[in-house]
Amino acid sequence: MDLLILTGMSGSGKSKALSTLEDIGYYCIDNFPPQLLLNFTELMGRDTLSSQKIAITVDARSKEKFVEFSGVLDELDSNNVPYSLLFLDCDDTVLLSRYKETRRIHPLMSDEVKHIEEALKLERGILSTIRGRANYYINTTQFSPSQLRTRLNEIFSKSHNGGLMTVHFVSFGFKYGILSDADLVFDVRCLPNPFYVKELREKTGNDQEVQEYVMQFPESEAYFEHIRSLLEFSIPLYQNEGKQQLVIGLGCTGGKHRSATFTLLLAQHFQHHNVRVQVSHRDILKK
């Protein structure tokens, strides 16, 4: 088991870090009670997850249990449990600003600890010995979310998918709602619609006849070339930013004909562009 324990100051970017680690192949568990770590590693040693990469966040949300975190790490060491420790830090002035922007309550605030400044001081004291044990230390004071993602990818994504970014092409129908998790959306409703051709109405973009109908029009070919060109330009930019997955939505009215056609043709084109391509059709089976 490849165990990575993620900790650090509240507001330093641990949630973003955990999302990035999940994207690059880690099985992720958030807000794990530190006292259960030893039992967890013993269980995983006997489980099917023993060969996986696992990332666990332990932080101040454990409240009173958090003060025992250092002792738990001692216990892991004495039992020869292999793990790595990633520590995210940030200057207090920036943490204060982030808390004020989000209006969140620090997890260590209580009737006794009434102010964020006090909570940060208490948390930093608890973490003072743990910081020195970290295998990886990242200070996010000057980091944007994308810069943190890039840094984590540089450290941890060497083996996942051969380091390739996944480009997921998804067709959908606007009448069923826009694709909410898409990074980019292209609307192909402006193109001639096979729905109005009786012989093609019950077919989909998976069928050669539909693809040939959609792509026979000059405007379809031109639109496809513009999308292809834009993606050829932008995908390397996303890769350089450290993005691990790019979701590209292609939408038409019902998600059966034009969007499915463009999704398949784009996926075929980008199979040879040093990315891992995935295809799905969200609404193709809907009536």
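Residues numbered from 1 in each chain as written. Predicted model: local features only at pLDDT ≥ 70, side-chain atom pairs only at ≥ 80, totals over all residues. Heavy atoms only, no water.

**Quick word on the environment of Ser12**
Test applied: The numbering of helices and of strands both runs from the N terminus, where a helix is a DSSP run of H or I of at least 4 residues and a strand a run of E of at least 2. We call two residues contacting when some pair of their heavy atoms lies within 4.5 Å.
Here Ser12 is to be found in the loop between β1 (2-8) and α1 (14-23). With 128 residues separating them in the primary sequence, Ser12 and Thr140 have C-alpha atoms 6.2 Å apart. Not counting the four nearest positions on each side in its chain, Ser12 is found in contact with Leu88, Asp89, Cys90, Leu95, Arg98 and Thr140.

**Here we look at the nonpolar core**
Rules: For our purposes a nonpolar core is just a set of buried Ala, Val, Leu, Ile, Met, Phe, Trp, Tyr and Cys residues, chained together by side-chain atoms within 4.5 Å. Each residue is placed in one exposure class: buried if its accessible area under a 1.4 Å probe, protein chains only, is under 20% of its type's maximum, exposed if it is over 50%, and partly exposed if it falls in between.
Within the largest apolar cluster, 34 residues are counted, with the highest numbers of intra-cluster contacts made by Ile5, Leu37, Ile56, Val58, Phe69, Leu73 and Leu76. Among the elements of the structure, β1, α2 (37-46), β3 (53-57), α3 (69-78), β4 (84-89), α4 (92-102) and α5 (116-131) are those that each provide at least two residues to this core. The dominant element in this core, judged by the number of residues it contributes, is α5, at six residues. With residues up to four places along the chain from it excluded, the contact list for Phe69 reads Ile5, Thr7, Pro34, Leu37, Val58, Leu85 and Ile130. Judged by nonpolar contacts, the second largest core, of 27 residues, contains Phe186, Val188, Ile248 and Leu250.

**Things to note about a nonpolar patch on the surface**
Operational definition: Note on patches: the residues involved have over 30% relative accessible area and no salt bridge, like charges join within 9 Å, and the nonpolar side chains Val, Leu, Ile, Met, Phe, Trp and Tyr join within 5 Å. Note on areas: Shrake-Rupley, 1.4 Å probe, and residue coverage restricted to the protein chains presented here. Each salt bridge in this description consists of a side-chain nitrogen of Lys or Arg and a carboxyl oxygen of Asp or Glu lying within 4 Å of one another.
A surface patch of nonpolar side chains, amounting to about 320 Å² of accessible area, comprises Leu230, Phe233 and Leu237. Inspection of the secondary structure assignment puts Phe233 in helix α8 (residues 218-241). Judged by its relative accessible area of 58%, Phe233 is exposed.

**Description of the packing of aromatic side chains**
How we decide: Within 6.5 Å between ring centres, the rings of Phe, Tyr and Trp (the latter by its six-membered ring) count as paired, and their orientation is classed by plane angle as stacked under 30 degrees, edge-to-face over 60, tilted in between.
The final tally for this structure, using the stated rule, is 11 aromatic pairs. Between the aromatic rings of Tyr223 and Phe262, the centroid separation amounts to 6.2 Å while the plane-to-plane angle is 55°, which identifies the pairing as tilted. A residue pair is termed long-range when its members are at least 10 positions apart, and Tyr223 in helix α8 and Phe262 in helix α9 (residues 258-270) qualify at 39 residues. In this structure Tyr223 comes out as partly exposed when scored by relative accessible area, which is 22%.

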